[in-house]
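Residue-level structural notes
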Amino acid sequence: MLGLTLSLAWLDAAQAQAPQKSKKKPAHSSASTRKHPGKKTAPAPGTSLNQNPEVSIWAQDAARRLQLDADWVQKTIAQTQRLPVIEKWVLPPTSPVAKDWSAYRARFIEPVRIQAGLRFWQKHRDTLEKAEREYGVPAAIIVGIIGVETLYGQNTGNFRVVDALGTLAFHFPQAHPRAAERQAFFRSELEQFLLLTSRSGADPLAIWGSYAGALGLPQFMPSSWVKFAVDFDGDGRIDLFGSPADAIGSVANYFKAFQWRTGMPTHYPVTLSPGQTDMDSLLAPDILPTFSVASFVGKGAALEGAALSHAGPLALIELRNGSNPPSYVAGTENFYAITRYNWSSYYAMAVIELAEAVAREVQNKR
């Protein structure tokens, strides 16, 4: 049981986000923004998902397992499109470009997004403060997440979610190094999406989201909607498309579920001395906090101030800067919590720095 199901109001909000039909090609942007292209144009038509005979068999089995109406599932899947452009986008680039934190940062820590974040914070100040009180997650971090994900609801995606999930559930490119794992994930997400729409009475063919099937202002996958979304505005329904309050509360609830530590910094400055730092050992756990302060410092990573009194484990976070020297910080368990939203240290640092930039603007306007 979902506790609070979607409502027709959620459907109305989702339909309001739907791209208008156009003969133009879909907007193609960089990998970091494919998730929410700025211009809402419908993707080029695909082919029927039912051309794959496996799909009909799966639909029958899914309806039985999920206790859904078999005819409804079959009719939905029969109208689902396979979109080859999505298959291309989920593949790693054939010629990988060197990671560049400064370039990645510039896409998100920029005036338009900061000013939009300021307006969002000012408009929803009371709700953000309530979320911080109830969940212990700073308002700034919530604002940072929604800003990076969808520019505060301006770019929530231009694909029908059922097409995106159907494509990746049955035609995930086998050239991907984790193809089997990812395809299983998207089949599970397709099931969760069918459950959500069936229980609410919403039309699964009318819901629009990202090319990966993410939904609403916070870009929750269907399974995250089920597990973490909350009715934070108290109107009796969960609406991550049309209710910023529900989005704010749901992001805070997500981080609480992933063990956000109230009052703990996300990271500390760190100084590394070439030839005196055991980089191999420090980088081996990647972003997982593993080292006590003593062991961290003992391996040649210099800390100062409040960092020396940090009680939890730390991780050495490396942010490469193309041909320039990398940047480093000492990440805490809260830095790691942000990567549970998107498993990338670059993403986490973009959220943190956008949060800080917007918070400064809010403070300056008081």
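Quick note: structure is the one above.
Quick summary incoming for the structure in this document. Quick caveat, the model's predicted, so the values are computed rather than measured.

1. Some details on helix α5 (residues 101–108)
Looking at α5, one finds that the buried residues are Trp101, Tyr104 and Phe108. Seen from one end, α5 has its buried residues packed into an arc of 65°, which puts them on one side.

2. A look at the pairing of strand β9 (residues 324–331)
Sheet topology note: the strand β5 (residues 267–269)/β9 ladder contains three bridges and is antiparallel. When the sheet's bridge partners are listed, Tyr268 is paired in β9 with Ala330. Inspection of the sheet shows strand β8 (residues 315–321) paired to β9 by six bridges, in the antiparallel sense. Counted as the bridge partner of Ala315 is Gly331 from β9. Where β8 folds back on β9, the antiparallel hairpin that results is connected by two residues, among which Gly322 adopts a positive phi of roughly 65°.

3. Comments concerning the sheet that holds β9
If you walk across this open sheet you meet the three strands as β5-β9-β8, and the pairing is antiparallel. Edge positions in the open sheet fall to β5 and β8, since each of these has one partner strand only. Between one strand axis and the next, the sheet turns through 40° on average, direction left out of account. The sheet contacts of helix α16 (residues 345–365) involve β5, β8 and β9, and relative to β8 the element is tilted by about 90°.

4. With respect to the nonpolar core
In terms of nonpolar packing, the biggest core is built from 97 residues, with Ile142, Ile146, Tyr152, Leu190, Phe255 and Ile338 touching the most fellow members. Counting residues per element, this core draws most heavily on α16, at 12 residues. Excluding residues within four positions of it along the chain, Phe255 makes contact with Val137, Ile141, Ile145, Trp260, Ala337, Ile338 and Tyr341. Tyr268, Val270, Phe291 and Ala301 belong to the second-largest nonpolar core, a separate cluster that totals 12 residues.

Here is what the cut-offs are and how they apply
Residues numbered from 1 in each chain as written. Predicted model: local features only at pLDDT ≥ 70, side-chain atom pairs only at ≥ 80, totals over all residues. Heavy atoms only, no water. Buried < 20%, exposed > 50% of the residue type's maximum accessible area, 1.4 Å probe, protein only. Helix = DSSP H or I, 4+ residues; strand = E, 2+ residues; numbered from the N terminus. Arc of directions from axis to C-beta. Pairing = 2+ DSSP bridges. Axes fitted to C-alpha atoms, helices over the stretch in contact; angles between N-to-C directions. Contact = heavy atoms within 4.5 Å. Core = buried A, V, L, I, M, F, W, Y, C linked by side-chain atoms within 4.5 Å.

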